[in-house]
Amino acid sequence: MSNPLAPGSLADKRALVTGSSRGIGADTVGYLAEAGAKVVVNYRNKAKRAEQIAEKIVAGGGSALAVGADLTDHDSVQAMVDQVVAAWGGIDLLVLNASGGMESGLGEDYALRLNRDAQVDMLRTAVPHMPAGSRVVFVTSHQAHFVETAETMDEYVPVAKSKRAGELALRELLPQLEAAGIEFVVVSGDMIEGTITATLLNRLNPGAIEGRRQEVGKLYSVSEFAAEIALAAIEPVPADHTKLVGDVSGFGA
């Protein structure tokens, strides 16, 4: 997958991508860095992986910081933002990519704490350091975005509802963001091949990925979906603040 962003199109922009030590987040920071952005590779516990991504970017002439933070812990989030501000003076692009909820042993309310509460806290903590003209990109799935109007797999319902709750909570902040000159866009994608979530759902429902692929004809890969997120950093924001990636048939759109 080639970079959809032109070289230098994000020169000197400061970008923080949550959950970017692997998968979609990692590919997203790669695209942003190649376009000239200074990027924060955020991780929860994959320090080595995040550091390797940052080192590769720096070796290629870019600017990157690997910064660990547990997004469900405000002090941890504040420390990350403080580190970025100390290094670069602020944040121009915040990509809220990190999500979860299918992990075991983290409590029944973990999905809501991560997908709703932590997203709002991350945004609120970053906003004082985001100048006018900055942008926030929230990454979600069609299964979550359309959870009120379309059925999804039983195992994913709690996660989908928590991500939708997070999206709605962020949208409630739109008046404050607009008053500060900060743009906001939601990027929603269909099932993405190669992600941890898709793999888990396919394990619980054998044939789920193939079934969806046959239904819509094509599923985006991790790198292809990351490219759409990267584009959302520079494209005009739709009137409804929503960018739908991939087929939405079957979701009541």
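Each remark here, short or long, concerns the structure printed above.
Residues numbered from 1 in each chain as written. Predicted model: local features only at pLDDT ≥ 70, side-chain atom pairs only at ≥ 80, totals over all residues. Heavy atoms only, no water.

### Thoughts on the overall build of the protein chain
For the protein chain, the count of helices and strands is ten helices and seven strands. In the protein chain, which comprises 253 residues, the proportion classed as buried is 49%. Long-range contacts, defined as pairs at least 24 residues apart, comprise 76% of the intrachain contacts of the protein chain with a sequence gap of at least 6. (Helix = DSSP H or I, 4+ residues; strand = E, 2+ residues; numbered from the N terminus. Buried < 20%, exposed > 50% of the residue type's maximum accessible area, 1.4 Å probe, protein only. Contact = heavy atoms within 4.5 Å.)

### Here's the deal with the pattern of salt bridges
On inspection of all chains with the given rule, the structure shows nine salt bridges. Salt-bridge contacts for Arg-164 lead to Glu-167; the nearest nitrogen and oxygen are separated by 3.0 Å. With a gap of three residues between them, Arg-164 and Glu-167 both fall in helix α6 (residues 157–171), about one helical turn apart. Residue Arg-164 is classed as buried on the basis of its relative accessible area, which comes to 15%. Each of Glu-148, Arg-164, Glu-167 and Arg-171 takes part in salt bridges that share partners, so that together they form one network. (Salt bridge = Lys/Arg side-chain N within 4 Å of Asp/Glu carboxyl O.)

### Observations regarding the pairing of strand β4 (residues 93–96)
Here β4 shows no split at all, with Leu-93 and Val-95 on one side and Leu-94 and Leu-96 on the other all buried. Sheet topology note: the strand β1 (residues 14–17)/β4 ladder contains three bridges and is parallel. Of the residues in β4, the one forming a bridge with Val-17 is Val-95. (Pairing = 2+ DSSP bridges.)

### Focus on the side chain of Arg-171
Along the chain, Arg-171 turns up in helix α6. A polar contact is formed between the side chain of Arg-171 and the backbone oxygen of Asp-240, at a distance of 3.1 Å. (Polar contact = N/O pair within 3.5 Å; in protein donor to acceptor, adjacent residues only side chain to side chain.)

### Concerning unusual backbone geometry
Negative phi values dominate among residues other than glycine, just as trans dominates among peptide bonds. Its identity is not glycine, yet Asp-12 carries a phi of approximately 70 degrees, on the positive side. The residue Asp-12 is located in the segment before β1 in this model.

### Focus: helix α10 (residues 222–231)
By the criterion of burial, α10 is predominantly enclosed, with eight of the ten residues buried. Among the residues making up α10, those that are buried are Val-222, Phe-225, Ala-226, Ala-227, Glu-228, Ile-229, Ala-230 and Leu-231.

### Observations concerning helix α1 (residues 23–34)
Under the 1.5 Å per step criterion, the end-to-end length of α1 is 17 Å for twelve residues, consistent within 8% with the ideal 16 Å. For α1, the set of buried residues is Ile-24, Gly-25, Ala-26, Thr-28, Val-29, Tyr-31, Leu-32 and Ala-33. Considering only its buried residues, α1 is in contact with β1, β2 (38–43), α2 (47–59), β4 and α10. (Expected span 1.5 Å × (residues − 1).)

### Side note on the environment of Glu-151
Inspection of the secondary structure assignment puts Glu-151 in the loop between α5 (142–145) and α6. C-alpha separation for the pair Glu-151 and Phe-251, spaced 100 residues apart in sequence, amounts to 7.8 Å.

### Considerations on a positive patch on the surface
On the surface, a cluster of positive charge is contributed by Arg-22, Arg-44, Lys-46 and Arg-49. Tracing the sequence through the fold places Arg-44 in the loop between β2 and α2. (Patch = residues over 30% accessible without salt bridge, like charges linked within 9 Å, V, L, I, M, F, W, Y side chains within 5 Å. Areas by Shrake-Rupley, 256 points an atom, 1.4 Å probe, with all protein chains shown as cover. Lys, Arg positive; Asp, Glu negative; His and termini not counted. Charge placed at Lys NZ, Arg CZ, Asp CG, Glu CD.)

### Description of the environment of Lys-161
If you trace the backbone, Lys-161 turns up in helix α6. Judged by its relative accessible area of 54%, Lys-161 is exposed. Taking the C-alpha atoms as reference points, Lys-161 and Val-147, 14 residues apart in sequence, are found 6.5 Å from one another.

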